Amino acid sequence: MFNIAYNGIITVTRGDSFRLPIALNYGTNLEPLRYQMSQKNFVYFAVMEPNQPFENALIRKKYTIDDVDEQDNVIIKFRPQDTQCVLPGKYYYQVKLQRFNSDDPEDYEVDTIVDKTLFYILE
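Residues numbered from 1 in each chain as written. Predicted model: local features only at pLDDT ≥ 70, side-chain atom pairs only at ≥ 80, totals over all residues. Heavy atoms only, no water.

### Some words on the sheet that holds strand β8 (residues 108-122)
Pairing within the open sheet is mixed, and its 6 strands lie in the order β1-β2-β8-β7-β4-β5. Each end of this open sheet is capped by a strand with a single partner; those strands are β1 (2-4) and β5 (59-63). Here the strands of the sheet are splayed against their neighbours by 20° on average, with no regard to which way each runs. Pairing analysis gives 4 bridges linking strand β2 (residues 10-13) to β8, with the strands arranged parallel. Following the sheet pairing, Thr13 is matched in β8 by Leu122. (Pairing = 2+ DSSP bridges. Helix = DSSP H or I, 4+ residues; strand = E, 2+ residues; numbered from the N terminus. Axes fitted to C-alpha atoms, helices over the stretch in contact; angles between N-to-C directions.)

Right, dumping it as structure tokens:
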């Protein structure tokens, strides 16, 4: 079972597969502005225990331009092995965009696309 509520809360049964399109909104909710991925951009999806930072995520997945659909959504994909060894409970997910600075190819910037939001794993 996989469910995403209107407020972004995700509920998934441990060990299930699911796909989730994430819109890279670079604007606001009232004036959305779709971000166009390029070869040098990466999107990270992480699932953390409560009060843990993004860097200490239990699950961290990296997506590239190859994971973008026709509507410029990044398709987040989970396989059974991503959650089958995680205890059921309350977690949080967060999505970040790493984009390279066009002025300096060695430099990049990071933007949080989705703030920490509840992610429940059920038995």
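### Some words on the nonpolar core
Core analysis: the biggest nonpolar cluster contains 25 residues, and Phe45 and Phe119 have the highest contact counts within it. Elements that contribute at least two residues to this core include exactly β2, β3 (18-23), β4 (42-48), β5, β6 (73-78), β7 (89-100) and β8. Ignoring sequence-local partners within four residues, the contact set of Phe119 consists of Ile10, Val12, Phe18, Phe45, Val47, Phe78, Gly89, Lys90, Tyr91, Tyr92 and Tyr93. (Core = buried A, V, L, I, M, F, W, Y, C linked by side-chain atoms within 4.5 Å. Buried < 20%, exposed > 50% of the residue type's maximum accessible area, 1.4 Å probe, protein only. Contact = heavy atoms within 4.5 Å.)

### Quick look at the packing of aromatic side chains
Following the criterion strictly, the structure yields 8 aromatic pairs and no others. Relative to Phe100, the ring of Phe42 lies with its centre 6.4 Å away and its plane at 75°, an arrangement referred to as edge-to-face. Taken together, the positions of Phe42 in strand β4 and Phe100 in strand β7 put the pair 58 residues apart, joining distant regions of the chain. Residue Phe42 is classed as buried on the basis of its relative accessible area of 17%. We classify Phe100 as partly exposed; its relative accessible area is 28%. Among the aromatic residues, ring-to-ring pairing joins Phe2, Phe18, Phe45, Phe78, Tyr93 and Phe119 into one connected group. Positioned above the aromatic ring of Phe78, the side-chain terminus of Lys61 is 5.4 Å from the ring centre. Sitting over the face of the ring of Phe42, Lys62 holds its NZ or CZ atom 4.1 Å from the ring centroid. (Phe/Tyr/Trp six-rings, centres within 6.5 Å; stacked < 30°, edge-to-face > 60°. Lys NZ or Arg CZ within 6 Å of the ring centre and 35° of its normal.)

### A short note on the pairing of β3
The two faces of β3 differ: Phe18, Leu20 and Ile22 on one face are buried, but Arg19, Pro21 and Ala23 on the other face are not. Where β3 lies against β6, 6 bridges are found, and the strand directions are antiparallel. Bridged to Ile22 within β6 is Val74.

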